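# Residue-level structure breakdown
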Amino acid sequence: MEPNKTMSVRARRNSFAYAWAGLVQLFKLEPNAKLHALATLLAIAAGIARHITVMQWSAIVFAIGLVWITEALNTCIEKLCNLWCDNKWHPEVKIIKDIAAGAVLVATLASVASR
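Because the structure is predicted, anything quoted here is derived from the model rather than measured.

### A word on the confidence of the model for the protein chain
With 97% of its residues at a pLDDT of 70 or more, the protein chain shows a mean pLDDT of 93. Mean pLDDT values for the elements of the protein chain range from 94 in helix H1 (residues 9–29) up to 96 in helix H3 (residues 54–84).

### Some thoughts on unusual backbone geometry
Phi angles above zero are rare outside glycine, and His 51 is one such case at about 55 degrees. Examined against the element boundaries, His 51 turns out to sit in the loop between helix H2 (31–50) and H3. Residues other than glycine seldom take positive phi values, yet Asp 86 does so here, at roughly 55 degrees. Its place among the elements puts Asp 86 in the loop between H3 and helix H4 (91–113).

### Examining the pattern of salt bridges
Tallied over the entire structure, the rule returns one salt bridge. As a salt-bridge pair, Asp 98 and Lys 94 come within 2.4 Å of each other at their nearest N and O atoms. Within this pair, Asp 98 and its partner Lys 94 are both found in helix H4, separated by four residues, close to a single helical turn. Under the relative-accessibility criterion, Asp 98 is labelled partly exposed at 41%. Take Lys 94: its relative accessible area is 39%, and that puts it in the partly exposed class.

### Topic: the packing of aromatic side chains
In total, this model carries one aromatic pair according to the counting rule given. For the ring pair Phe 27 and Trp 68, a centre distance of 5.5 Å and an interplane angle of 40 degrees mean the geometry is tilted. Here the residue Phe 27 occupies a position in helix H1, and Trp 68 occupies one in helix H3, the gap between them amounting to 41 residues. Taking the relative accessible area as the measure of exposure, Phe 27 reaches 34% and is therefore partly exposed.

Thresholds applied
- Residues numbered from 1 in each chain as written.
- Predicted model: local features only at pLDDT ≥ 70, side-chain atom pairs only at ≥ 80, totals over all residues.
- Heavy atoms only, no water.
- pLDDT = per-residue confidence, 0-100.
- Helix = DSSP H or I, 4+ residues; strand = E, 2+ residues; numbered from the N terminus.
- Salt bridge = Lys/Arg side-chain N within 4 Å of Asp/Glu carboxyl O.
- Buried < 20%, exposed > 50% of the residue type's maximum accessible area, 1.4 Å probe, protein only.
- Phe/Tyr/Trp six-rings, centres within 6.5 Å; stacked < 30°, edge-to-face > 60°.

This is how it looks when you write it as structure tokens:
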């Protein structure tokens, strides 16, 4: 059973610290995060160079966020699967990891198509 969560400033600060630590781990553990970071910077630079509208920026930010969220969740799924099967190959784990990777691919393709 989880202890009672509080809304104290300290608890909220700790939540942000844990979230930041998670993003740092994503960059350390997932080589694709570096590719996504490069793509993010290129998309932002292209938006600035093309003087896109506020609505276009909204679409770009949404697409970038979608890719980052799916990549983070994919990495979590992979780590959990690896724990479950002790890093040994398992046919069901392969399917789960392939589906999660497919979600990242869909998000990436949708992101590219939105430009």
